[in-house]
Amino acid sequence: MRKKILLIEDEEGLVMTLTHRLQAEGYEVASAGDGDLGLERGRSESFDLILLDLMLPGRPGFEVCRELRQAQIATPIMMLTARDQLLDKVVGFKLGADDYLTKPFEMAELLARLEALLRRSQPNPALLHGESRFGEVEVQWDSGEVRRAGAAVSLSAREFRLLQYLVQNRNKIVSRQQLLHEVWGYSAQTSTRTVDVHIAWLRQKLEPAPRFPRYIHTVHGQGYKFIA
Ligand code: CA
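Q: Teacher, can you tell me more about the overall build of the chain here?
A: Across its full length, the chain carries eight helices and twelve strands. Put simply, the chain has 228 residues, and 46% of those count as buried. Of the contacts made within the chain by residues no fewer than 6 positions apart, 59% connect residues no fewer than 24 positions apart. When the accessible surface of the chain is summed, it comes to about 11,100 Å², and 50% of that surface belongs to carbon and sulfur atoms.

Q: I would appreciate a short explanation of the coordination of the calcium ion in the present structure.
A: Geometry sets the ideal angles at a metal, namely 109.5 degrees for four tetrahedral donors and 90 or 180 degrees for six octahedral donors. Coordination of the calcium ion by the protein comes from D10 (OD), D53 (OD) and M55 (O), over a distance range of 2.1 to 2.3 Å. The motif formed by the donor residues of the calcium ion, counted along the single chain, is D-x42-D-x1-M. Taken together, the positions of D10 in the loop between β1 (4–8) and α1 (12–24) and D53 in strand β3 (residues 49–53) put the pair 43 residues apart, joining distant regions of the chain. Given the relative accessible area of 32%, D10 is considered partly exposed. According to the relative accessible area criterion, D53 is buried, its value standing at 3%.

Q: Explanation requested: the nonpolar core in the structure shown.
A: One recurring pattern in soluble globular proteins is that nonpolar side chains are buried together. Of all hydrophobic cores here, the largest spans 28 residues; its most connected members are L163, L166 and L179. Counting only elements with at least two residues in this core, the list comes to β7 (137–140), α6 (157–168), α7 (176–184), α8 (193–206) and β12 (223–226). Tallying contributions element by element places α6 first for this core, with six residues. With residues up to four places along the chain from it excluded, the contact list for L179 reads L162, Y165, L166, V174, W184, V195 and Y224.

Q: Teacher, can you tell me more about the pattern of salt bridges here?
A: Pairs may arise between side chains of opposite charge once their charged atoms sit close together. In total, this model carries 17 salt bridges according to the counting rule given. The residue E131 makes a salt bridge to R133 at a minimum N-O spacing of 3.0 Å. Close ionic contact of K205 with E159 constitutes a salt bridge, the shortest N to O distance being 2.8 Å. With K205 in helix α8 and E159 in helix α6, the pair connects residues that are 46 residues apart, well separated along the chain. Classification of E159 by relative accessible area gives buried; the value is 0%. What you see here is one network of salt bridges that share partners, running through E9, E11, D53 and K103.

Q: Got a minute to help me understand the packing of helix α2 (residues 35–44) against helix α3 (residues 61–70) in this structure?
A: Packed helices, taken two at a time, are described by their axes: the angle between them and the distance between them. Interhelical geometry of α2 versus α3 gives an angle of 20° and a closest axis separation of 10 Å. As far as their axial angle goes, α3 and α2 are roughly parallel. As α2 runs across α3, the sense of the crossing is right-handed. Within the contact between the two elements, α2 uses G35, L39, G42 and R43 and α3 uses V64, E67 and L68.

Q: Looking at this structure, how should I read the packing of α1 against helix α5 (residues 107–120)?
A: Where α1 contacts α5, the two axes come as close as 12 Å, and the packing angle between them is 55°. Looking at the two axes, α1 sits oblique to α5. For the pair α1 and α5, the crossing hand works out as right-handed. When α1 is examined against α5, the residues T17, L18, R21 and L22 are found in contact with a partner set consisting of M107, L110, L111 and L114. Here the residues of the contact of α1 with α5 sort into six nonpolar, one polar and one charged.

Here is what the cut-offs are and how they apply
- Along each chain, residue indices are assigned from 1 in the same order as the chain's sequence is written.
- This being a predicted model, a pLDDT of at least 70 is required before a residue's local features are given, and a value of 80 or more before pairs of side-chain atoms are given or counted; all residues contribute to the totals for chains, interfaces and linings.
- Where side-chain values are given, they derive from all heavy atoms of the structure, hydrogens and water being excluded.
- Only DSSP runs of H or I reaching four residues or more are called helices, and only runs of E reaching two or more are called strands; each is numbered from the N terminus.
- Exposure classes here rest on a 1.4 Å probe applied to the protein chains alone. A residue is buried below 20% of its type maximum, exposed above 50%, and partly exposed in between.
- Contacts are residue-level and defined by heavy atoms, with any inter-residue pair within 4.5 Å sufficient.
- Residue-level accessible areas treat just the shown protein chains as cover; the underlying method is Shrake-Rupley with a 1.4 Å probe.
- Note that water is not among the atoms considered, so a metal site may appear incomplete; the donors listed are N, O and S atoms within 2.8 Å of the metal, with 3.2 Å applied to Na, K and Ca.
- Only buried Ala, Val, Leu, Ile, Met, Phe, Trp, Tyr and Cys residues count toward a nonpolar core, and they belong to the same one when joined by side-chain atoms within 4.5 Å.
- By convention in these notes, a salt bridge is any Lys or Arg side-chain nitrogen within 4 Å of a carboxyl oxygen on Asp or Glu.
- With axes taken as lines fitted to C-alpha atoms, and helix axes fitted only over the stretch in contact, angles between N-to-C directions fall between 0 and 180 degrees.
- Our angle categories are set so that under 35 degrees counts as roughly parallel, over 145 as roughly antiparallel, 65 to 115 as roughly perpendicular, and the remainder as oblique.
- The sense of a crossing depends on the near helix, which, turned anticlockwise from the far helix by less than a right angle, makes the crossing left-handed and, turned clockwise, makes it right-handed.
- Three categories are distinguished: nonpolar for Ala, Val, Leu, Ile, Met, Phe, Trp, Tyr, Cys and Pro, charged for Asp, Glu, Lys and Arg, and polar for the others, with Gly belonging to the last.

Purely geometric numbers; function is a separate question.
Structure, rendered in structure tokens:
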């Protein structure tokens, strides 16, 4: 399962260098050249990690970070800051960033920190093997491939893990707390709304009519239930 990274950065040279290097390391990379576009993509798509520059045209990085957290996006965020920028780390962490890196940085340092952050936010390894099918959807658990009506569907690692947990527990009610614990692995700062946001994304990608789910059901006041 390729991890998806959103790079919100306005320096074109750095975007190119980072994109090439991260792709070479096996990551899928999307980028946004200003704060508004970055916020938009971060809110509407699911990523496994966000690299966020502090000084951006449009909306500054701190604001993007705060808005993402307010929208219940719990994706790990690593902030990139220039060395001469006076940075209040305490404020940054309060806004919800998970780590910082000062420019210019060594690529090896970035990769190491990024992996550490991804590891920290990735709890349990895959438990399902083989293939599952429901409706037009086909999932290969080992390779991470998902298809709908034969066409490839791109899920983030988190969406994939969420789907996996739901399918593993099919026909059982799973609570939001349980999902946070099992799929996110860190429950302290993450609100259960985060779960709802990701469920909505999964339904968009997999359900024939996302507003009237056939597979991923809401059980009012209790959580979710996968029925195939
Ligand atoms: Ca910048």
